[in-house]
Each structure stands twice: as C-alpha cells, then as structure tokens.
Amino acid sequence: MTPITEAAPRIALIHALEESVLPARAAFAAHWPEAKAFDLLDTSLATDLAARGRLDAAMTERFLTLGRYAAATEATSGPARALLFTCSAFGPAIDAVKRALPIPVLRPNESAFAEALALGGRIGLMVTFAPSLPSLTQEIREMASAPVEVTGVMVEGALAALKAGDGATHDRLAAEAAAKLSGIDTLILGQFSLARARPAIEAATGLRVVTTPEAAIRGLKRAIGA
C-alpha cells in the first residue's frame, strides 16, 4: 500500500449541488493547497430530497454508498484521510456515514457552527435551499451547550439566479436579505454556494460572517492532525 504523505492528505468532497463545487475548490486552493481534494457530485440528491420532502432509508443508503466509495479510493497520496459532505440538508444521512466509516466524516456546517457558537452572541443562519433551514437550525441548537438564539433566513430566488449563471444577482439578494436582519452578532452562510456572497454581505451589513468552506477546512485539519 502506498504510504500516506502527511503534507498531502487525500480528502473526498461529496456534493449534492453543483454550485458547491467551485466554492469548495476555491477554499482549498486558498487555505489548504497541499491537500489532494477530489469531488463526487450527485445532483439528483438535492432534487430527490426536494421532491420527497424528507430523508428516508433509501436516501441514507445512497449516502452510505457514496461515503464507502470515496473512502475506498486511493492514489499516490494514499487513501482518503477524511470525507467532507458539502450538502447542508442531509444531516442524519451524513451521521449514518460517520458511524459507518473509520475515518473522519464532516457535515458541511458543523465546523462553522462550532466557530459561531464559540464566538457567542446571537446567530443568524442564511440559506438559499429551503429544505436545509429546519435541519440546520436543529443541528446548531443541538450542538450548543446552552440555549442559543438562532434567526433563520431563506433567500428567495438567489439559488435560481446562481444556477442561471447570474452570480451578481445571487450576491445582491443575499446582501439585501442580510441587511434586513436585526439583533445579529454573527451570520453563518449555511451553504457552500453562499460563500461567494460574503464580501457583498459584509459591505452591506458590517456583520461578522462565517462561511462553511473555510470553517470546514479548519475542521478537517483538526480532525486529521494536519
């Protein structure tokens, strides 16, 4: 078996939205270029969840299949050292993968949530994919060691604009939605695809903003001791 090179760990990224791929790659290029990250994309996961309205056993099994496949891959940098799911609406299915695999498996938002909770104060949680919001709100409250105030916001039309290639409209809609929030200390951008809107949101609000790709990389490094 090829020995593992600590300076170049192999990291699997599993996506349900194609709009998550480029933000993840950009974050790795900027913050962990040594990592050998690779992508698995199944866009039917998001559309099937939206159509069904809930996670079921069949969907969880699909996540287990993806996770086992990713963990079994190997290249010159060695086998996959960790898995990062970038799809924010599938927490319970990702947790099933965590239990099934012997390597670190991260949900897309857990590192961002941990960082926001450590900062303290009132938290805003922004999404552009509606099925994500209830599960993510529950997830951050379960992670908190004490009751936490979470204000959720769904940005209507932003994801459709991004899918149509109109990133400027996506960013503008996110910034406008953020500007309407009040009493927020930290705003979490709850999807990888939202990370691109951070500059526009910061300019419009002055809020402290936590993005999921950058926080996830920090979490991955801690998980494998990099």
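Refer to the structure above for everything that follows.
Residues numbered from 1 in each chain as written. Predicted model: local features only at pLDDT ≥ 70, side-chain atom pairs only at ≥ 80, totals over all residues. Heavy atoms only, no water.

It is worth spelling out the overall build of the chain at this point. On a plain count of helices and strands, the chain comes out with ten helices and nine strands. Relative to its length of 226 residues, the chain is compact, with a C-alpha radius of gyration of 17 Å against a globular reference of 17 Å. Over its C-alpha atoms, taken along the principal directions, the chain stretches across nearly 55 × 40 × 35 Å. Evaluated residue by residue, the chain yields a buried proportion of 52% over its 226 residues. Carbon and sulfur atoms make up 54% of the accessible area of the chain, which totals about 9,800 Å². Computed over 22 positive and 23 negative side-chain charges, the inter-centroid distance for the chain is 2 Å. (Helix = DSSP H or I, 4+ residues; strand = E, 2+ residues; numbered from the N terminus. Rg over C-alpha atoms; globule rule 2.2 N^0.38 Å. Buried < 20%, exposed > 50% of the residue type's maximum accessible area, 1.4 Å probe, protein only. Areas by Shrake-Rupley, 256 points an atom, 1.4 Å probe, with all protein chains shown as cover. Lys, Arg positive; Asp, Glu negative; His and termini not counted. Charge placed at Lys NZ, Arg CZ, Asp CG, Glu CD.)

One way to put it is that helix α8 (residues 167–179) packs onto helix α9 (residues 198–205) with a least axis distance of 8 Å and a crossing angle of 35°. The handedness of the crossing between α8 and α9 is right-handed. Between α8, through Asp 171, Ala 174, Ala 175, Ala 178 and Ala 179, and α9, the contact on the second element is made entirely by Ala 200, Ile 201, Ala 204 and Thr 205. (Axes fitted to C-alpha atoms, helices over the stretch in contact; angles between N-to-C directions. Left-handed = near helix turned anticlockwise from the far one by under 90°. Contact = heavy atoms within 4.5 Å.)

The subject of this paragraph is the packing of helix α3 (residues 57–72) against helix α4 (residues 91–100). Direction vectors running N to C along α3 and α4 enclose 45°, while the axes themselves pass 9 Å from each other. Looking at the two axes, α3 sits oblique to α4. The hand of the α3/α4 crossing is right-handed. Contacts between α3 and α4 involve Thr 60, Phe 63, Leu 64, Gly 67 and Arg 68 from the former and Ala 93, Ile 94, Ala 96, Val 97 and Ala 100 from the latter. Residues belonging to the contact of α3 with α4 are distributed by class as follows: seven nonpolar, two polar and one charged. (Parallel < 35°, antiparallel > 145°, perpendicular 65-115°, else oblique. Nonpolar A, V, L, I, M, F, W, Y, C, P; charged D, E, K, R; others polar.)

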